[in-house]
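# Breakdown of the fold
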Amino acid sequence: MNVKLASIIDPAQNTAYVVPAVALSMIVFAYSVNFGPLSILAFYGVWLLPFALAPRILLGRPGAVVLLLLLPFFFLLSTLWSDVPSATLRASIQYGITFFAGLVAARITSPGNLALGGTIGCLLVLLYSAVNWGYSYDYIDGDFAFNGAFSSKNQLGYFATLAIIFALSVVGVFRAPRMLLPMIAVTAATGFGMLWMSDSATSLLSALVAFSSMLFVGLVMLLAPWLRRATVVLALAGIAALVLAAQHLGAFDAVLAAFGKDTTLTGRTYLWNQAFEIGANQRVLGLGYNAFWVPGRPEAEALWDTFYITARSGFHFHNALIETYVGTGLVGLGFVTTICVLLVVMPLSAVFGRGNVGSLMFFSGLAVLFLVRSVAEVDFVTPHTVGSFLVAFILLRLFDHNRNVRHAAFLSRPTPSAQRPSLSAATGVFE
């Protein structure tokens with residue numbers, strides 16, 4: 001059967017390919033532990049195939065691609081000094097492929113198709129959790145929490161948040177066909193229900209901030225370009241003032257109490273202190289990417305015992321920057337900090353220019369979601385996770401958007417010859 005290349009790599013013609021690919025990716029990110037290596041190979045295949053067929057997808061405009069790939073390359077390079085090189089090599093290759101797949105997807109997937117595929121995939125993920133209907137005992141909180149088919153209520157809340165963002169974006173931003181509205185409504189309703197049932201403070205707070213940022217970007221884009229910068233600066237100053245006031249008045253403690261948390265963030269502050277002590281032993285380059293949480297390491301075993309992690313896996317320092325510091329030191333921390341800064345700078349840069357309002361709202365919401373969650377989770381520095389895939393997608397897409405805006409502005413400027421008066425050959429006068 002002869003398949004046109006455009007039906008795979010052209011964002012205007014490949015809906016039938018990329019929407020199922022995104023949906024499959026969401027399922028793999030959620031349940032690869034349940035479904036095994038074949039599901040991961042399927043994820044690799046659907047995103048590496050387009051690059052194999054048309055390497056120009058990334059090689060045609062390689063500047064931003066090379067810049068973003070510095071992070072996974074450094075993780076791979078840490079194999080050279082890792083004290084568990086086999087674990088570092090394996091995890092860094094897996095992370096590199098996940099991140100690379102996000103870059104490929106960014107070049108061949110339209111924002112609308114990403115939202116639609118994400119909606120379908122997250123709906124299937126949440127329905128699978130609803131069928132399993134699992135609860136787990138949280139030894140730190142001292143109560144039972146609904147976690148569906150996940151091992152953590154935070155992961156359930158995470159995918160519920162993504163489901164809501166995807167679904168609302170499809171209908172409110174990208175204007176889905178009427179025939180999709182029932183499915184979108186079911187996804188949004190299921191997402192809200194699962195988010196509430198998960199009782200995850202991280203998910204609830206990050207969802208609130210993400211939705212607020214989407215609304216804010218939409219309102220700012222209604223203003224004239226010269227007003228946007230002043231509005232954003234005033235909003236950021238206002239937020240900073242509110243944060244300082246909240247800290248001074250003890251509002252943070254009240255918020256934590258409302259979610260049933262204490263000032264230790266259910267043990268996270270102790271975990272972070274331990275991480276700083278461990279990281280200080282290899283401050284510059286770290287122990288090696290993903291080299292800390294391995295069976296047999298005394299410090300890891302002690303933390304597993306402290307937090308009742310009987311499986312001896314699937315645990316982390318609950319902070320993307322701290323996790324990176326332990327694994328890859330100050331150098332790796334610099335790379336991940338740069339990614340966090342880009343998650344702020346790139347959407348703002350796009351907002352100050354010209355572009356599709358809906359796409360910028362969508363990407364801004366996702367960028368803020370990952371940035372906020374990085375305080376308590378490690379969503380985009382681990383392999384086979386939706387964060388690693390989507391952060392690569394968002395940043396490359398915004399790099400391309402800003403580049404296109406600058407290029408269009410350059411082409412629209414009058415040339416030097418057009419700015420000087422010229423002598424008309426026909427009339428002999430200056431025009």
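The structure reproduced in this document is the subject of the present report. Source: prediction; values computed, not measured.

### Remarks on the overall build of the protein chain
Per the secondary structure count, the protein chain includes 18 helices and two strands. With 431 residues in all, the protein chain has 49% of them scored as buried. Taking the contacts inside the protein chain whose residues are at least 6 apart along the sequence as the reference set, 74% of them involve residues at least 24 apart. If you sum the accessible surface of the protein chain, you get close to 20,500 Å²; carbon and sulfur atoms cover 68% of it.

### Focus on a nonpolar patch on the surface
A cluster of nonpolar side chains, namely F73, L76, L77, L80, L89 and I93, defines an oily patch on the protein surface of about 560 Å² accessible area. Breaking the nonpolar patch down by element, the ones donating at least two residues are helix 5 (63-77) and helix 6 (85-108). At three residues, helix 5 tops the list of elements feeding residues into the nonpolar patch. Looking at the element boundaries, L89 is found in helix 6. For L89, a relative accessible area of 38% puts it in the partly exposed group.

### Quick word on the nonpolar core
Grouped together as the largest cluster of nonpolar side chains are 103 residues, with contacts concentrated most on W47, L68, F159, L162, F166, F370 and F380. If you look at the next biggest cluster of nonpolar residues, it comprises 20 residues, including V84, L287, A291 and V326.

### Structural notes on the layout of surface pockets
Put simply, the second largest pocket is a space of about 240 Å³. Lining the second largest pocket are 13 residues, with P111, R397, D400, H401 and N404 sitting closest to its centre. Listed by contribution, the elements that provide at least two residues to the lining of the second largest pocket are helix 6, helix 16 (357-373) and helix 17 (386-412). Counting residues per element, the lining of the second largest pocket draws most heavily on helix 17, at five residues.

### A look at the side chain of N319
Relative to the helices and strands, N319 is located in the loop between helix 14 (298-306) and helix 15 (320-352). Residue N319 is classed as buried on the basis of its relative accessible area, which comes to 10%. Reaching out from N319, the side chain makes a polar contact with the backbone nitrogen of L321 at a distance of 3.0 Å. A polar contact is formed between the side chain of N319 and the backbone oxygen of V375, at a distance of 2.9 Å.

Reading the values: rules and limits
Residues numbered from 1 in each chain as written. Predicted model: local features only at pLDDT ≥ 70, side-chain atom pairs only at ≥ 80, totals over all residues. Heavy atoms only, no water. Helix = DSSP H or I, 4+ residues; strand = E, 2+ residues; numbered from the N terminus. Buried < 20%, exposed > 50% of the residue type's maximum accessible area, 1.4 Å probe, protein only. Contact = heavy atoms within 4.5 Å. Areas by Shrake-Rupley, 256 points an atom, 1.4 Å probe, with all protein chains shown as cover. Patch = residues over 30% accessible without salt bridge, like charges linked within 9 Å, V, L, I, M, F, W, Y side chains within 5 Å. Salt bridge = Lys/Arg side-chain N within 4 Å of Asp/Glu carboxyl O. Core = buried A, V, L, I, M, F, W, Y, C linked by side-chain atoms within 4.5 Å. 1 Å grid on protein atoms, 1.4 Å probe; cavity = no way out; pocket = protein on both sides within 12 Å on 5 of 7 lines; lining within 4 Å. Points joined across faces, edges and corners; volume = space filled by probe spheres on them. Polar contact = N/O pair within 3.5 Å; in protein donor to acceptor, adjacent residues only side chain to side chain.

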